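Single-letter residue listing:
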Amino acid sequence: MPRVPPVGAQSQQLDGFWESGETGDMSFVGRPLNLDDGSADVHLARLKGWGFNMLRYVVTWESLEHAGPGKYDHEFIEYTVRVLRKCKEHGFRVYMDPHQDIWSRFSGGSGAPYWTILACGINPRNFTATLGAIVHCEYPNPTSPSPAELPAMIWSTNYGRLASQTLFTLFFAGREFAPKCVIDGQNIQDYLQSHYIAAFAQLADKIRDAGDLQDDCVIGWDSMNEPFEGFCGYADLNTVPTKQGSTLKKGPFPSPAQSLRLGMGQAQTVEHWIFTSMGPKQDKSVTIDPQGIKMWADPETEPEGVHPKWGWRRDPGWKLGTCVWAQHGVWDVASGAVLVPDYFRYRSNREEVVYIEDFWRPHWQVFATRIRQSHPEAILFVAPPVFAPPPQLDESYLKGRCCLSTHYYDGLTLVTRHWSNINADALGLIRGKYSSTLPAVRIGERAIRKCLQEQLGYLKDDAKILGAYPTIIGEIGIPYDMDGKKAYGWTDGGKYKGDFSSQQKALDASMNAADGSNALNYTIWNYCPDNSHEWGDGWNMEDLSIWSENDLKPTLQYKMGLGDSSSAVLLKKGQTPIIQSAAASSVSLATLTPGESPSDEGTVVSNPPSSALSNSSWDNAYQFLTDGARAAKAFCRPYPTAIVGVPTNIQFDISKAEFKLAVRVGPEDAPQSERLGLSSPDSDSPDEAELPTEIYVPLVHYASDELLSDTQQEESPMFGSVTPSNLSSKSSDDFSRSPYPHPADPLRLAAAGSPLLSLNVDVSEGRWSVSGQTLKWWYPVPSSGPPREYTIVIKRAGGTIKVAEESSRSCRSLLSWCLDGCCTVM
């Protein structure tokens, strides 16, 4: 759940940007959810209804310690505890994510407080002039910024620029490579790491002291999100290292040596790169001239070595105004020559640097030890650098409570913002599987889907390095602003508005990669409550949110029709929704509200009102779960939430709404009745004497025809109860005033008086039943002998659900086919 910037400070906003960092005066209260307007309940109910049961909870270092070294934002920490309690009310498990990208908001990403950059002797206001970092709100230059023109994913090229290269080197390896960098009597590495760990320890302690969150809701902690090696391991500063494969080349891209010179204000002619269907390609050279402006802080900012605002004392041996790497003899400022090109390749003992073992692992061990002081049973989600396998970690740290948390994105789709029938085995290329690019290329959707699944299989196998531990894909997702924001109606005269077919194919390919024999869990990046078509997720023009307020439907009324294939087709009926108010303490059909819609469906709303979630209503759970969702059929998919045995294969065909699960069950999987509190086998409730496998079966794919066609009834007080016979039990007004009674089932689908799902189920063994969106499947567990394999197939009775947009796509395709010559119109 990302809401990285402070409230009211998305990355495109230059006004007050630098000032907020320089004063430390900002507030993250209200992130990631607003608890005061009732919208938090709405968002969490939606996520729960989609079948998600665990959240990766983003917290930045800056949000905890923005006011200065050792000055913690206790108001925000308390607010975070309140949001976590709300997550618990809705039945979620959470793992905490100490999030960063590119070090800090002020170096083009998110994470660390502003003052950490100054502590490293750097002036961030000069990043743009020196190309030390590309900062969104100043793009392409601070005097005439045009942040909407920021190229896709160019923010990630900052990992190949001087600011990130220096900041991460100092954080992870300052003692090794920058021994002169001493502040308050500590090497900069120890200074930064101690503050980082202490800040997150403040939050961990508060979660512990809350008394009702640890283990019940918060089950563990990620390590630093996508850590970067900085310069560590660079073999030659005169060239861009090929091993740093996760660093994208796009736009002006200097070599490390050129970056050093630019940082000291020296003009350089650098390569310029574009991204093609075959990957990065140099198209020209450009000259960057800082005109003497330096990235390094002016000595006058720290009279007598003491910073007047932040209070630290810098060691006299660390001179401000000069590149720290020049001070360590790496290069000569006057001549521009690199004196020790392999400075970062070897440690002081001349052993070759292995970043993840030499520098990442020691930091992780200290961080993990401190987290375990607050949370002894925490699951440690081990997040190594992107696409890198983890190092071996001693079991004395893991203690049987560990999970590999690796990330995966279809990089070609992410960078090009286009779903193509050409892709490549990116992970194989980075890990040296191929001698050239050509063998890694995959053509055709089937080949691409197979390749993505194989790549996730490689990542899953990395967990074996840690031991017998599981893997979660901590981040996976796709961009929604594909093809010039075509799905938003920004192209072709708005003809394709609402058409997320390309996004559905791309996301389904990634979700399918986690299925199959991989049977991987994942947390999708992301759900952003204030996503907009204009600015995406409000961070560097990224637009990966699976829901957007701008995609709420202008009309919430539907009527039912049947196509020739007997599939259920939902057609819009132009009618303005009824406006009602929302109660912050309750979630119901009468109070969950998507917002007023523009009267003209062609109107693009770039900034809907913050109160939009409290201005109208939905008729039933299907409408609620699909409204504003983008490519919902791809991410809202069946999966086993609890399994007796081991899953051996998971398949889901979204075009047919057909789900297949195979499980292997052996004697060791027999439930321990006493420990689990099960009834005796001869009791009056045999289902309670056995443990079922539980499968989430989404309304989005399997809603009954009765639910889909039920549009003219009064609003129901219960999401799952849409029949008139249930309306008399409690009025919606009575319900909206009462405290929220069923947090684990926020849509109250389990209480439905009529079938919510229309299913055809075939099991190889056993029996099954359905409650709400959960199918329970009981089968025999062998008491001895070899394991058995059971299968279940779930289909929608009556065919797949098709919404109006899908029907209109079919019509457009047919019309195009006809106009291309299949028939003649007289």
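Turning our attention to the sheet that holds strand β17 (residues 639–642). Spatially, β17-β20-β23-β22 is the arrangement adopted by the 4 strands of the open sheet, whose pairing is antiparallel. Bordering the open sheet on either side are β17 and β22 (767–771), each of which pairs with just one other strand. Strand-to-strand, the axes of this sheet are offset by a mean angle of 30°, without reference to chain direction.

Turning to the environment of Ser-405, a few remarks are in order. Considering the arrangement of structural elements, one finds Ser-405 in strand β10 (residues 402–407). C-alpha separation for the pair Ser-405 and Ser-223, spaced 182 residues apart in sequence, amounts to 8.8 Å. Ignoring any residue separated from it by four or fewer positions in sequence, one finds Ser-405 in contact with Tyr-95, Asp-222, Phe-381, Val-382, Ala-383, Pro-384, Ile-472 and Gly-474.

Next up on the list: empty space enclosed by the protein. Applying the stated criterion across every chain yields a total of 6 cavities of 30 Å³ or more. Size it by volume and the largest cavity reaches roughly 90 Å³. If you trace the largest cavity, you find 13 residues lining it, with Ser-11, Phe-17, Arg-105, Gly-109 and His-136 closest to the centre. The residue inventory of the lining of the largest cavity, partitioned by class, reads 6 nonpolar, 6 polar and 1 charged.

Within the secondary structure, Arg-449 is located in helix α15 (residues 445–461). In this structure Arg-449 comes out as buried when scored by relative accessible area, which is 17%. A distance of 2.7 Å separates polar atoms of two side chains, one belonging to Arg-449 and the other to Asp-508. Other than its neighbours up to four places away in sequence, Arg-449 contacts Asp-508, Ala-509 and Asn-512.

Pairing between side chains becomes possible if they bear opposite charge and their charged atoms approach one another. Taken as a whole and judged by the stated rule, the model has 35 salt bridges. A salt bridge links Arg-208 to Asp-205, with the shortest nitrogen-to-oxygen separation between them at 3.4 Å. Of this pair, Arg-208 and Asp-205 both sit in helix α8 (residues 188–210), separated by 3 residues, roughly a single helical turn. Judged by relative accessible area, which is 17%, Asp-205 ranks as buried. Here the salt bridges share partners, and the residues they tie into one network are Arg-56, Asp-97, Asp-222 and Glu-475.

We now examine the packing of aromatic side chains. Applying the stated rule across the entire model yields 43 aromatic pairs. Taken together, a centroid distance of 6.1 Å and an interplanar angle of 65° make the contact between Phe-28 and Phe-76 edge-to-face. Highlighted residues: Phe-28 in the loop between α1 (17–23) and α2 (39–49) and Phe-76 in helix α4 (residues 74–89), separated in sequence by 48 residues. A relative accessible area of 4% places Phe-76 in the buried class. When the centroid spacing of 4.9 Å and the interplanar angle of 25° are considered together, the rings of Phe-231 and Phe-344 count as stacked. Of the two residues, Phe-231 is situated in the loop between β5 (218–222) and β6 (251–253) and Phe-344 in the loop between α10 (324–327) and α11 (355–374); the sequence distance between them amounts to 113 residues. Pair check on accessibility: Phe-231 and Phe-344 agree, each one buried. Across from the ring centre of Phe-92, 5.1 Å away, lies the NZ or CZ of Lys-48, which sits over that ring.

In this section: the packing of α15 against helix α17 (residues 501–514). Where α15 meets α17, the axes come as close as 7 Å, and the angle between the chain directions of the two elements is 45°. By the angle class used here, α15 and α17 are oblique. The handedness of the crossing between α15 and α17 is right-handed. Residue-level inspection shows Glu-445, Arg-449, Leu-452, Gln-453 and Leu-456 of α15 in contact with α17, the latter providing Lys-505, Asp-508, Ala-509, Ser-510, Asn-512, Ala-513 and Ala-514.

Now for the sheet that holds strand β13 (residues 471–475). Read from one edge to the other, the open sheet built from 7 strands follows the order β1-β2-β5-β9-β10-β13-β14, with strand pairing classed as parallel. The two strands at the open ends of the sheet, each matched to only one other strand, are β1 (54–60) and β14 (521–522). Here β1 runs beside strand β2 (residues 93–99); their pairing, made up of 7 bridges, is parallel. For Thr-60, the partnering residue across the bridge sits in β2 and is His-99.

Attention shifts here to the confidence of the model for the protein chain. Predicted confidence across the protein chain gives a mean pLDDT of 86, with 81% of residues reaching 70 or more. For the stretch residues 556–616, pLDDT sits under 50, and the model shows 172 contacts to residues farther than four places along the chain or on other chains.

Cis rather than trans, the peptide bond between Tyr-139 and Pro-140 has omega equal to -5°. Tracing the chain through its elements places Pro-140 in the loop between α6 (127–130) and α7 (162–177). Residue Asn-526 follows Trp-525 across a cis peptide bond; omega there is 5°. Along the chain, Asn-526 falls in the loop between β14 and β15 (558–562). Phi is positive for Glu-226, which is not a glycine, with a value near 40°.

Further remarks concern the packing of α4 against α8. At a minimum axis separation of 10 Å, α4 and α8 run at an interaxial angle of 50°. As far as their axial angle goes, α8 and α4 are oblique. In the crossing of α4 with α8, the sense of the turn from one axis to the other is right-handed. Side by side, α4 and α8 meet where His-74, Ile-77, Glu-78, Thr-80, Val-81, Leu-84 and Arg-85 of the first sit next to Gln-202, Leu-203, Lys-206, Ile-207 and Ala-210 of the second. Here the contact of α4 with α8 is composed, by residue class, of 6 nonpolar, 3 polar and 3 charged.

This brings us to the environment of Asp-212. Within the secondary structure, Asp-212 sits in the loop between α8 and β5. Residue Asp-212 is classed as partly exposed on the basis of its relative accessible area, which comes to 26%. For the pair Asp-212 and Arg-85, spaced 127 residues apart in sequence, the C-alpha to C-alpha distance is 8.1 Å. Apart from residues no more than four positions distant in its own chain, Asp-212 is found in contact with Arg-85 and Lys-88. Among the polar contacts listed, one links the side chain of Asp-212 to the side chain of Arg-85, at a separation of 2.9 Å.

Glancing now at helix α9 (residues 256–263). Counted residue by residue, α9 has 8 buried out of 8 residues, so it is predominantly covered. Within the span of α9, buried status applies to Pro-256, Ala-257, Gln-258, Ser-259, Leu-260, Arg-261, Leu-262 and Gly-263. The inward-facing, buried residues of α9 abut α6, α7, β7 (268–276), β8 (279–288) and α10. Of the residues flanking the end of α9, it is Gly-265, one or two places downstream, whose phi is positive at about 85°.

All right, on to the state of the cysteines then. Here the structure, examined in full by the defined rule, presents 0 disulfides. Not engaged in a disulfide, the cysteine Cys-323 finds its nearest cysteine sulfur in Cys-181; these two sulfurs lie 9.5 Å apart. Sulfur of Cys-403: no disulfide; nearest cysteine sulfur belongs to Cys-402 and is 6.9 Å away.

As paired elements, β22 and strand β23 (residues 774–778) share 5 bridges and run antiparallel to each other. When the bridges of β23 are listed, Trp-768 appears paired with Trp-777. From the end of β22 to the start of β23, which pair antiparallel, there are 2 residues, and Gly-772 there has a positive phi angle of about 60°.

Cut-offs and rules
- Residues numbered from 1 in each chain as written.
- Predicted model: local features only at pLDDT ≥ 70, side-chain atom pairs only at ≥ 80, totals over all residues.
- Heavy atoms only, no water.
- Pairing = 2+ DSSP bridges.
- Helix = DSSP H or I, 4+ residues; strand = E, 2+ residues; numbered from the N terminus.
- Axes fitted to C-alpha atoms, helices over the stretch in contact; angles between N-to-C directions.
- Contact = heavy atoms within 4.5 Å.
- 1 Å grid on protein atoms, 1.4 Å probe; cavity = no way out; pocket = protein on both sides within 12 Å on 5 of 7 lines; lining within 4 Å.
- Points joined across faces, edges and corners; volume = space filled by probe spheres on them.
- Nonpolar A, V, L, I, M, F, W, Y, C, P; charged D, E, K, R; others polar.
- Buried < 20%, exposed > 50% of the residue type's maximum accessible area, 1.4 Å probe, protein only.
- Polar contact = N/O pair within 3.5 Å; in protein donor to acceptor, adjacent residues only side chain to side chain.
- Salt bridge = Lys/Arg side-chain N within 4 Å of Asp/Glu carboxyl O.
- Phe/Tyr/Trp six-rings, centres within 6.5 Å; stacked < 30°, edge-to-face > 60°.
- Lys NZ or Arg CZ within 6 Å of the ring centre and 35° of its normal.
- Parallel < 35°, antiparallel > 145°, perpendicular 65-115°, else oblique.
- Left-handed = near helix turned anticlockwise from the far one by under 90°.
- pLDDT = per-residue confidence, 0-100.
- Disulfide = S-S within 2.5 Å.

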